[in-house]
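This is what each chain is made of:
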Amino acid sequence: MLQRRPLIAGNWKMNGTLLDGTALVQALVERLGGDTHGFDLLVCPPFTLLHAAVQLSLSSSLNIGGQDCHTAEKGAYTGDISAGMLSDLGCRYVILGHSERRADHSESDALVNSKTRTAWDAGLVAIVCVGETESERDTGCTLDVIAKQIADSIPGDATEVNTVVAYEPVWAIGTGRTATPEEAQEVHAFIRKSLVDRFGEHAAGIRILYGGSMKPSNATELLALADVDGGLIGGASLNADDFWEIAQSCA
Ligand code: PEP
């Protein structure tokens, strides 16, 4: 059976000062130590903390990533950050198409697709987020929504090396509500099949993370599901003990 190494990723969103952000990274570096663990650990702090986070993580296996990037390599884009800049700092991953960016910044599937290609070109692994809203789930069109987001947000040559998919039901993000194991597994299996149908058998190796109010009390159950290969964690990733406990759940 194909082995997919679990990825536990923290999305700090717009949280963290230099003081508390570096303390959090330091706490994770200490927990990781020099040991080989059965999972990859990633934190995605705000841009302001990336340099410090990368420097602190150098002696460990902790990965650092960005929360977004622009489609262009460089240029007159005030306030934006390019994928090359993230890569230049030492980031390995970038989150793209998070539902908060889709909603707050009107990011379309086409834009996410273009960002994903730019991220690949810069040598980053793109974590492409998809997920249905509450009304889409209530009207029974979850799988149609996911199918369209997967088809339109991920460019033609995705591989298990350059891409991770995060399934994040919008109604579960930051709400304390979590998809049931059955709901999560249904969508994850559907995403896996869509990826294999489109990209071929190797795409079964693309990791699919669950995101949406994952915490120590529900992580074991979610991470044990056949098609859940890790988590994208918001709120609980801001606490080193909680985040570490979630990571331990997939060991
Ligand atoms: C997220 O924003 O990616 C997320 C999953 O947040 P939370 O864990 O807080 O629901």
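All values reported here derive from a predicted model rather than from experimental measurement. (Residues numbered from 1 in each chain as written. Predicted model: local features only at pLDDT ≥ 70, side-chain atom pairs only at ≥ 80, totals over all residues. Heavy atoms only, no water.)

1. A closer look at the overall build of the chain
Point 1. Along its length, the chain carries 10 helices and eight strands.
Point 2. Computed over C-alpha atoms, the radius of gyration of the chain comes to 17 Å, within 12% of the 18 Å expected from 2.2 N^0.38 for 251 residues, which places it in the range of a compact globule.
Point 3. Overall size of the chain, expressed as C-alpha extent along the three principal axes, is 45 × 45 × 35 Å.
Point 4. Across the 251 residues in the chain, those meeting the buried criterion constitute 55%.
Point 5. If you take every contact in the chain between residues at least 6 apart in sequence, the share linking residues at least 24 apart comes to 72%.
Point 6. Accessible area of the chain: about 10,900 Å², with a carbon and sulfur share of 53%.
Point 7. For the chain, the separation between the mean place of its 18 positive charges and that of its 33 negative charges on side chains is 3 Å. (Helix = DSSP H or I, 4+ residues; strand = E, 2+ residues; numbered from the N terminus. Rg over C-alpha atoms; globule rule 2.2 N^0.38 Å. Buried < 20%, exposed > 50% of the residue type's maximum accessible area, 1.4 Å probe, protein only. Contact = heavy atoms within 4.5 Å. Areas by Shrake-Rupley, 256 points an atom, 1.4 Å probe, with all protein chains shown as cover. Lys, Arg positive; Asp, Glu negative; His and termini not counted. Charge placed at Lys NZ, Arg CZ, Asp CG, Glu CD.)

2. So, the sheet that holds strand β2 (residues 40-44)
Point 1. With respect to topology, eight strands assemble into a closed barrel ordered β1-β2-β3-β4-β5-β6-β7-β8, the strand pairing being parallel. Going from strand to strand, the sheet's axes swing by 25° on average, the running direction of each strand aside. (Pairing = 2+ DSSP bridges. Axes fitted to C-alpha atoms, helices over the stretch in contact; angles between N-to-C directions.)

3. Here we look at the site of the ligand
Point 1. In the neighbourhood of the ligand, 14 residues make up the surrounding shell, with K13, H98, E168, G174 and S213 lying closest.
Point 2. Contact distances for the ligand include 2.8 Å between an oxygen atom and a backbone N or O atom of G234.
Point 3. Across the complex, the protein chains shield 95% of the 290 Å² of accessible surface that the ligand would expose by itself.
Point 4. Of the residues belonging to the shell around the ligand, the class tally is four nonpolar, eight polar and two charged. (Near = heavy atom within 4 Å. Polar contact = N/O pair within 3.5 Å; in protein donor to acceptor, adjacent residues only side chain to side chain. Nonpolar A, V, L, I, M, F, W, Y, C, P; charged D, E, K, R; others polar.)

4. Topic: the layout of surface pockets
Point 1. Each pocket or cavity is described by its volume, and for the largest pocket that value is around 390 Å³.
Point 2. Lining the largest pocket are 14 residues, with K13, M14, Q67, R101 and H105 sitting closest to its centre.
Point 3. Among the residues making up the lining of the largest pocket, the classes are represented as five nonpolar, four polar and five charged. (1 Å grid on protein atoms, 1.4 Å probe; cavity = no way out; pocket = protein on both sides within 12 Å on 5 of 7 lines; lining within 4 Å. Points joined across faces, edges and corners; volume = space filled by probe spheres on them.)

5. Observations concerning the pattern of salt bridges
Point 1. Tallied over the entire structure, the rule returns 18 salt bridges.
Point 2. Between K13 and E100 there is a salt bridge; the shortest N-O distance is 2.8 Å. In this pair, K13 is assigned in the loop between β1 (7-11) and α1 (18-32) and E100 in helix α4 (residues 99-104), connecting sequence segments 87 residues apart.
Point 3. For the salt bridge of E132 with R137, the shortest nitrogen-to-oxygen distance reads 2.8 Å.
Point 4. One connected set of salt bridges, linked through shared partners, spans R4, R192, D227 and D229. (Salt bridge = Lys/Arg side-chain N within 4 Å of Asp/Glu carboxyl O.)

6. Let's talk about the packing of α1 against helix α2 (residues 47-57)
Point 1. At their nearest, the axes of α1 and α2 sit 10 Å apart, and the two run at 25° to each other. Taken together, the axes of α1 and α2 lie roughly parallel to each other. Crossing hand, α1 versus α2: right-handed. In this structure, α1 contributes L18, G21, T22, V25, Q26 and V29 to the contact, and α2 contributes L49, A52, A53, L56 and S57.
Point 2. When the residues that make up the contact of α1 with α2 are grouped by side-chain class, the tally is seven nonpolar, four polar and no charged. (Parallel < 35°, antiparallel > 145°, perpendicular 65-115°, else oblique. Left-handed = near helix turned anticlockwise from the far one by under 90°.)

7. Details of the packing of helix α5 (residues 109-121) against helix α7 (residues 142-153)
Point 1. Where α5 meets α7, the axes come as close as 8 Å, and the angle between the chain directions of the two elements is 40°. The orientation of α5 relative to α7 falls into the category oblique. Where α5 approaches α7, its residues D109, A110, V112, N113 and T116 are matched on the opposing element by K148, Q149, D152 and S153.
Point 2. In terms of residue class, the contact of α5 with α7 is built from two nonpolar, four polar and three charged.

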